[in-house]
Amino acid sequence: MEENSVHSILEALSINASLNSDKLCVGDKKNKASYKEFWQMVKRGACFLKSSGLKQGDMVVIRGLQRIEYPLAVFFVQLAGGAVCPLERAIKDNRITEIMDFVDSSIYISDRKPKIEGINFIKMSDFYDFAVDDNEELNDFNFSV
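Predicted model, so just to flag it, every value in this text is computed and none were measured.

It is worth spelling out helix H5 (residues 124-132) at this point. If you check which residues of H5 are buried, you get Met-124, Phe-127, Tyr-128, Phe-130 and Ala-131. The buried residues of H5 occupy an angular sector of 165 degrees when projected down its axis, which confines them to one face. Residues of H5 that are buried in the fold lie against helix H2 (35-51), strand E3 (59-63), helix H3 (69-79), strand E5 (105-110) and strand E6 (120-123).

Written out as structure tokens, the structure reads:
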């Protein structure tokens, strides 16, 4: 491999947060973030997940959206050491637990709570609110990108 090659999307985000800090990284109809802002959001979210008990290799099921919250949640999980199992937006609630059991997932992230009891649900918009809150302490968990 070349000496200057990038090995992951997270590494590219980290590099661009320094080199292109004010350039637009992601956006949707309501929100947008520069590379620097987005990288800070990703790190805050990863800190939240790690402090909530996410461990290296844990599987997290995420129901997809076409909003900034979706890539943000995916990168939170990856930076915290987890893996993502994406679900289509149109999936029925009864299939969610089947898939979570199949992939051995303990966390479900979505824009709406399913009508299912007993799952560890995190609302995607709450994640976003946490990630953009500059008052949230950004712990250093020695993330490797």
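A regular strand places its side chains so that they alternate between the two faces of the sheet. By the bridge criterion, five bridges tie E3 to strand E4 (residues 83-87) in an arrangement that is parallel. Residue pairing across strands places Val-61 opposite Cys-85, the latter belonging to E4. Chirality of the crossover, the property in question, places the unit of E3, H3 and E4 among those that are right-handed.

Take H3 next. Helical geometry: 3.6 residues make up each α-helical turn, so side chains three or four residues apart lie on a common side. Within H3, eight of the eleven residues are buried, which leaves the element mostly enclosed by the surrounding structure. What H3 keeps buried is the set Glu-69, Leu-72, Ala-73, Val-74, Phe-75, Phe-76, Val-77 and Leu-79. Tucked into the core, H3 has its buried residues touching helix H1 (9-19), H2, E3, E4, E5 and H5. Immediately downstream of H3, the backbone of Gly-81 shows phi near 100 degrees, a positive value.

The next thing to look at is the pattern of salt bridges. A full pass over the atoms with the stated rule returns four salt bridges. Taking the shortest distance from any N to any O, the salt bridge between Arg-67 and Glu-69 comes out at 3.4 Å. Looking at Glu-69, the relative accessible area reads 7%, which means it is buried. A salt bridge links Arg-95 to Glu-98; the shortest N-O distance between them is 2.6 Å. In this pair, Arg-95 and Glu-98 are both assigned in helix H4 (residues 93-102), three residues apart and thus about one turn of the helix distant. Here Glu-98 falls in the partly exposed class, since its relative accessible area comes to 43%.

Moving on, we get to the nonpolar core. Grouped burial of nonpolar side chains is what soluble globular proteins tend to show. Phe-38, Val-42, Leu-49, Ile-62, Leu-72 and Ile-109 are the most contacted members of the largest nonpolar core, which totals 31 residues. Where this core is concerned, the elements lending two or more residues are H1, H2, E3, H3, E5 and H5. The element contributing the most residues to this core is H3, with seven residues. Excluding anything up to four places from it in sequence, Ile-62 contacts Tyr-70, Ala-73, Val-74, Val-77, Val-84, Cys-85, Pro-86, Leu-87, Ile-109 and Met-124. With nine residues, the next largest nonpolar core counts Val-61, Cys-85, Tyr-108 and Ile-116 among its residues.

Our next topic: the environment of Ser-34. Note that Ser-34 resides in strand E2 (residues 32-34). Ser-34 sits 44 residues away from Gln-78 along the chain, and the two C-alpha atoms are 20 Å apart. Sequence-distant contacts of Ser-34, defined by excluding residues within four places in its chain, comprise Ser-21, Asp-22, Lys-23, Leu-24 and Cys-25.

Taken together, the side chains of Val-6, Ile-15 and Leu-19 present a nonpolar region at the surface, about 270 Å² in accessible area. Tracing the backbone shows Val-6 in the segment before H1. Accessibility expressed as a relative area gives 43% for Val-6, which makes it partly exposed.

Analysis parameters
Within any chain, residue numbers begin from 1 and follow the written order of that chain's sequence. Note on the predicted model: pLDDT of at least 70 is required for a residue's local features to be given, and 80 or more for side-chain atom pairs to be given and counted; whole-chain, interface and lining totals, by contrast, use all residues. Note: side-chain values were computed over all heavy atoms of the structure, leaving out hydrogens and water. For every residue, the accessible area obtained with a 1.4 Å probe (protein chains only) is divided by the maximum for its type, and the residue is called buried under 20%, exposed over 50%, and partly exposed between those limits. Counting from the N terminus, the helices are the DSSP runs of H or I reaching at least four residues and the strands are the DSSP runs of E reaching at least two. The arc refers to the directions leading from the helix axis to the C-beta atoms. The contact criterion used is simple: two residues touch if any of their non-hydrogen atoms lie within 4.5 Å. Pairing between two strands requires that DSSP report at least two bridges joining them. Orienting the strands away from the viewer, one traces the path from the first strand over the helix to the second; a clockwise path indicates a right-handed crossover. By definition here, a salt bridge exists when the distance from a side-chain nitrogen of Lys or Arg to a carboxyl oxygen of Asp or Glu is within 4 Å. In this text, buried Ala, Val, Leu, Ile, Met, Phe, Trp, Tyr and Cys residues form a nonpolar core when linked through side-chain atoms within 4.5 Å. Like-charged residues are merged into a patch within 9 Å and nonpolar side chains (Val, Leu, Ile, Met, Phe, Trp, Tyr) within 5 Å, provided each residue has over 30% relative accessible area and no salt bridge. Shrake-Rupley sampling with a 1.4 Å probe provides the accessible areas, and residues are treated as covered by the protein chains on show and by no other component.

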